[in-house]
Amino acid sequence: MLNNQKENSVEERPGASDMLSVARTIMANERTFLSFLRTSLCFFAAGVGLIKFLDHRALEALGWAFIGSAVAVLFVGIRRYIHARKVLRHFTPNEWNVAVKKLDL
């Protein structure tokens, strides 16, 4: 009898597991964006450090390459975050398998 009541309470909340997976996916997308941001910031700091503190032409060129890479990494991170957010917004929890395949990241 208790087992039957437990099953009914789970049936009253259909999709609770799906809603949790939606929240986890959204948070994973945000964490991924933050990792791109962190990587970009590290590249930028390395570039500034090479330019400002070392007096060698080759190292200065390497510093500018790091700064350019930082901008590129930041651009890619923003682009992927916005793309994933748009794709996730258009799907209900029952369509998550389709959404994950459509992301193709």
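See the structure above.
Asks: What's the story with helix α3 (residues 57-89) in this structure? I'm lost.
Replies: What sets the pattern is the α-helix's 3.6 residues per turn: residues three or four places apart point alike. For α3, with 33 residues, the first-to-last C-alpha span of 48 Å sits near the 48 Å given by 1.5 Å per residue. Residues G63, I67, A70, V73, G77, A84, V87 and L88 constitute the buried set of α3.

Asks: How should the packing of aromatic side chains be read in this particular structure?
Replies: Think of a pair of aromatic rings as described by two things: how far the centres are apart, and how the planes are tilted against each other in angle. For the coordinates displayed, the defined rule picks out two aromatic pairs. Between the aromatic rings of F33 and Y81, the centroid separation amounts to 5.3 Å while the plane-to-plane angle is 40°, which identifies the pairing as tilted. Placement of F33 in helix α2 (residues 16-53) and of Y81 in helix α3 is noted, with a sequence separation of 48 residues between them. Measuring from centroid to centroid gives 5.7 Å for F43 and F66, while their planes differ by 75°, and the two rings are edge-to-face. With F43 in helix α2 and F66 in helix α3, the pair connects residues that are 23 residues apart, well separated along the chain. Overall, the relative accessible area of 28% leaves F43 in the partly exposed class. By relative accessible area, which is 26% here, F66 ends up partly exposed.

Asks: Explanation requested: the side chain of N29 in the structure shown.
Replies: Looking at where N29 falls in the secondary structure, it is placed in helix α2. Excluding residues that lie within four positions of it along the chain, N29 makes contacts with R80, Y81, A84 and R85.

Asks: Could you clarify how one ought to interpret the pattern of salt bridges in this entry?
Replies: Once their charged atoms are close, side chains differing in charge can pair, the charge on each being opposite to the other. Using the criterion set out here, one finds one salt bridge in the structure. Of the charged contacts, one joins E60 and R57 as a salt bridge, the two residues approaching to 3.8 Å between their closest N and O atoms. One end of the pair, E60, and the other, R57, are both in helix α3, three residues apart, so they sit about a helical turn from each other. Exposure remark for E60: the relative accessible area of 28% places this residue in the partly exposed category.

Asks: I would appreciate a short explanation of the environment of K52 in the present structure.
Replies: Inspection of the secondary structure assignment puts K52 in helix α2. For the pair formed by K52 and G63, sequence separation is 11 residues and the distance between their alpha carbons is 8.9 Å.

Reading guide: rules and limits
- Within each chain, residues carry numbers counting from 1 in the order of the written sequence.
- Per-residue local features of the predicted model are confined to residues with pLDDT of at least 70, and side-chain atom pairs are confined, for both listing and counting, to 80 or more; whole-chain, interface and lining totals are unaffected and use all residues.
- Derived side-chain values reflect all non-hydrogen atoms in the structure, with water molecules and hydrogen atoms excluded from consideration.
- Secondary structure elements follow DSSP: runs of H or I no shorter than four residues count as helices, runs of E no shorter than two count as strands, and numbering proceeds from the N terminus.
- To estimate how far a helix should reach, multiply one less than its number of residues by 1.5 Å.
- Partly exposed residues are those whose accessible area sits between 20% and 50% of the maximum for their type, while under 20% is buried and over 50% is exposed, using a 1.4 Å probe and protein chains only.
- Whether two aromatic rings pair depends on their centres lying within 6.5 Å, for rings of Phe, Tyr and Trp, where Trp uses its six-membered ring; planes under 30 degrees apart make the pair stacked, over 60 edge-to-face, and the rest tilted.
- The contact definition used throughout considers only heavy atoms, calling two residues in contact when any of these lie within 4.5 Å.
- Between Lys or Arg on one side and Asp or Glu on the other, a salt bridge is scored when a side-chain nitrogen of the former is within 4 Å of a carboxyl oxygen of the latter.

The quantities given are spatial measurements derived from coordinates; they are silent on function.
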